[in-house]
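# Tertiary structure, described
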Amino acid sequence: MHDRRSFLKKSAVAALALSLPTTPACACNGTISAKLPMKTRRVERALVAWYSQTGNTGRYGRLLAATMRRAGVQVTAGDMRELDRPGAGKYDLIVVGAPVFYYDAPMLVQNWVRSLPDLGGAAAAAYVSFGGPEGNQHNAACSILECLVERGAVPVAQKAFMNLGTYPLSWAGDKINKTPWRSRNLPDRETYQQVRRYAQYVLDRVAKGQSAEFSKKVTMREISTFFGPIWWTKRSIDQHYILADKCIACGACVEKCPVGAIDLGAHTVNREACVLCFGCLNNCPAQAVYMDQDGTRLVGYREFLKIKHIKISEPPELKA
Ligand SMILES: Cc1cc2nc3c(=O)[nH]c(=O)nc-3n(C[C@H](O)[C@H](O)[C@H](O)COP(=O)(O)O)c2cc1C
């Protein structure tokens, strides 16, 4: 048993090592481009939909929406799981945002876009938030656009916004003390400026009727997505359950889990179903989610921010 476990751990390390150097080389064959003319050059109604585990993608989405509203567009914005899917066909512009998880856009996002009705030539833009510095974000945004084009949208733009990573394994164990996290305290003002500029850029492109073409790049990280990084990483987590004596039954973990893997009554996590997004650990306000790697308990994002005295700034538009 022990040998099997160390074999799996070594293999996980090998898989991670595979993904380290990034060598942008040639583009894949599949070009993501418009298959039909753009519905209109005048954006009257736009939809900004996002998936966000720890708030970054959501904050950018709300800022994009606020900037577009200031430009006179009627915007519907929100978490994609709460939006009216059948109604998505009525918009002139659709903007979809996602965090980069394991070098790609999460499956939940890709499936959500695939479940939309025919978008009938609506302009489409994607954005991703990532914890980088390099996390295959171009290809992750391409994944979103690919799905949007499948649904009959016309791609106009894509963009990645960097912020503090929310991946607990990046500050696990000793790393929490050794890494200069404060210098990576993003998003900052410049990030929010990029978001505002992106909103205007998207509207300008539509006004000019300019669609865009994108191709995924062949990178080591892209290749590593074919080897099941979630599955491998899951192998390195020894325990994952809810601490009954700490749990305050607020349901944050259940709400965040995209695959319904948490049984709050039994304080268990279905580890087969789990997609290791750390949504439960990262959002629990009571430190009741127990995850352990190599005998070290993992710390969630909320707790991490507290320990490192990091306060995430809000853009002024959203404070109002
Ligand atoms: C499970 C998981 C996997 C992640 N994988 C990547 C990655 O492959 N590349 C990257 O740059 N950042 C990665 N990150 C960092 C997130 O993309 C980043 O922190 C993002 O802004 C989180 O968005 P949210 O706050 O809206 O949930 C990962 C974070 C988590 C929790």
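Residues numbered from 1 in each chain as written. Predicted model: local features only at pLDDT ≥ 70, side-chain atom pairs only at ≥ 80, totals over all residues. Heavy atoms only, no water.

### Considering the sheet that holds strand E4 (residues 93-99)
Selection rule: Here, a strand pair is defined by DSSP locating no fewer than two bridges between the strands. Think of it this way: any DSSP run of H or I at least four residues long counts as a helix, any run of E at least two long counts as a strand, and we number them from the N terminus. Between N-to-C directions, angles span 0 to 180 degrees; the directions come from axes that are lines fitted to C-alpha atoms, helices contributing only their stretch in contact. Residue contacts are counted whenever heavy atoms from the two residues lie within 4.5 Å of one another.
Within the open sheet, the 5 strands sit side by side as E3-E2-E4-E5-E6. Their pairing is parallel. Each of the sheet's edge strands pairs with one partner strand only, and the pair in question is strand E3 (74-79) and strand E6 (154-162). Averaged over all pairs of adjacent strands, the angle between their axes in this sheet comes to 15°, without regard to strand direction. For strand E2 (residues 45-50) and E4, the ladder comprises 5 bridges, and the chain directions are parallel. Each residue of the ladder has a partner; that of Trp50, found in E4, is Gly97. Sitting on the sheet, helix H4 (residues 137-150) is in contact with E4, strand E5 (123-130) and E6, with an inclination near 150° to E5. Against the sheet, helix H6 (residues 189-207) makes contact with E4, E5 and E6, and its axis sits at roughly 175° relative to E6, the strand it touches most.

### Concerning the layout of surface pockets
Quick reminder of the rule: Grid spacing is 1 Å over the protein atoms alone, the probe is 1.4 Å, and a cavity is where that probe fits but cannot get out, while a pocket is an open set with protein on both sides within 12 Å along at least five of seven lines and lining residues have an atom within 4 Å of a point. Grid points are joined across faces, edges and corners, and a volume is the space filled by probe spheres set on the points. As a working rule, the residues Ala, Val, Leu, Ile, Met, Phe, Trp, Tyr, Cys and Pro are called nonpolar, Asp, Glu, Lys and Arg charged, and the rest polar, with Gly in that last group. Delimitation of the domains relies on an automatic or database domain assignment.
As a volume, the second largest pocket reaches approximately 360 Å³. Along the walls of the second largest pocket sit 16 residues, with Phe101, Ala105, Pro106, Met107 and Ile230 positioned nearest its centre. Of all elements in the fold, only helix H3 (107-114) and helix H8 (229-235) reach the threshold of two or more residues within the lining of the second largest pocket. Of the residues belonging to the lining of the second largest pocket, the class tally is 13 nonpolar, 2 polar and 1 charged. Split by domain, the residues of the lining of the second largest pocket number at least three in each of domain 1 (27-217) and domain 2 (237-307).

### A closer look at the confidence of the model for the chain
Filter applied, for reference: The score called pLDDT rates the predictor's confidence residue by residue, from a low of 0 to a high of 100.
Model confidence for the chain is summarised by a mean pLDDT of 89, while 90% of its residues fall at 70 or above. Considering only residues more than four positions removed or in separate chains, one finds that residues 1-29, a stretch of pLDDT under 50, has 35 contacts.

### Description of H3
The periodicity of an α-helix, 3.6 residues per turn, causes residues three or four positions apart to be oriented the same way. We count it as follows: Accessible area is worked out with a 1.4 Å probe on protein chains only. A residue is then buried under 20% of its type maximum, exposed over 50%, and partly exposed in between. Directions drawn from the helix axis to the C-beta atoms are what define this arc.
Among all positions of H3, only Val109, Gln110, Trp112 and Val113 are buried. Looking straight down H3, one finds that the buried residues subtend no more than 160° of arc, so they occupy a single side. Its buried side turned inward, H3 meets E2, E4 and H4.

### Brief notes about the site of the ligand
Test applied: If even one non-hydrogen atom of a residue comes within 4 Å of a molecule or strand, that residue is called near it. Definition of a polar contact: a pair of N or O atoms within 3.5 Å, with one able to donate and the other able to accept a hydrogen when the atoms are protein atoms, and with sequence-neighbouring residues admitted only if both atoms are side-chain atoms. To measure how exposed things are, a 1.4 Å probe is used in the Shrake-Rupley method; for residues, cover is taken only from the protein chains shown.
Lining the immediate environment of the ligand, one finds 24 residues, of which Ser52, Thr54, Thr57, Val100 and Ser129 sit closest. Note that an oxygen atom of the ligand is positioned 2.9 Å from one of the side-chain N or O atoms of Asn56. Separating an oxygen atom of the ligand from a side-chain N or O atom of Ser129 is a distance of 2.7 Å. Here the ligand, which alone exposes 640 Å², has 95% of that area covered by the protein. Residue assignment for the shell around the ligand shows that the elements contributing at least two residues are helix H2 (56-70) and E5. Residue classes in the shell around the ligand are distributed as 11 nonpolar, 13 polar and no charged. Each of domain 1 (27-217) and domain 2 (237-307) accounts for three or more of the residues forming the shell around the ligand.

### Details of the nonpolar core
Test applied: To form a nonpolar core, buried Ala, Val, Leu, Ile, Met, Phe, Trp, Tyr and Cys residues must be joined to one another through side-chain atoms within 4.5 Å.
If you look at the biggest cluster of nonpolar residues, it comprises 57 residues, and the most contacted ones within it are Val96, Ile144 and Leu148. Only E2, E4, H3, E5, H4, helix H10 (279-283) and strand E11 (289-293) provide two or more residues apiece to this core. Here this core gets 8 residues from one element, more than from any other, and that element is H4. Shared between two domains, this core holds at least three residues of each, these being domain 1 (27-217) and domain 2 (237-307). In this structure, Leu64, Ala123, Ala157 and Val206 belong to the second largest nonpolar core, which totals 28 residues.

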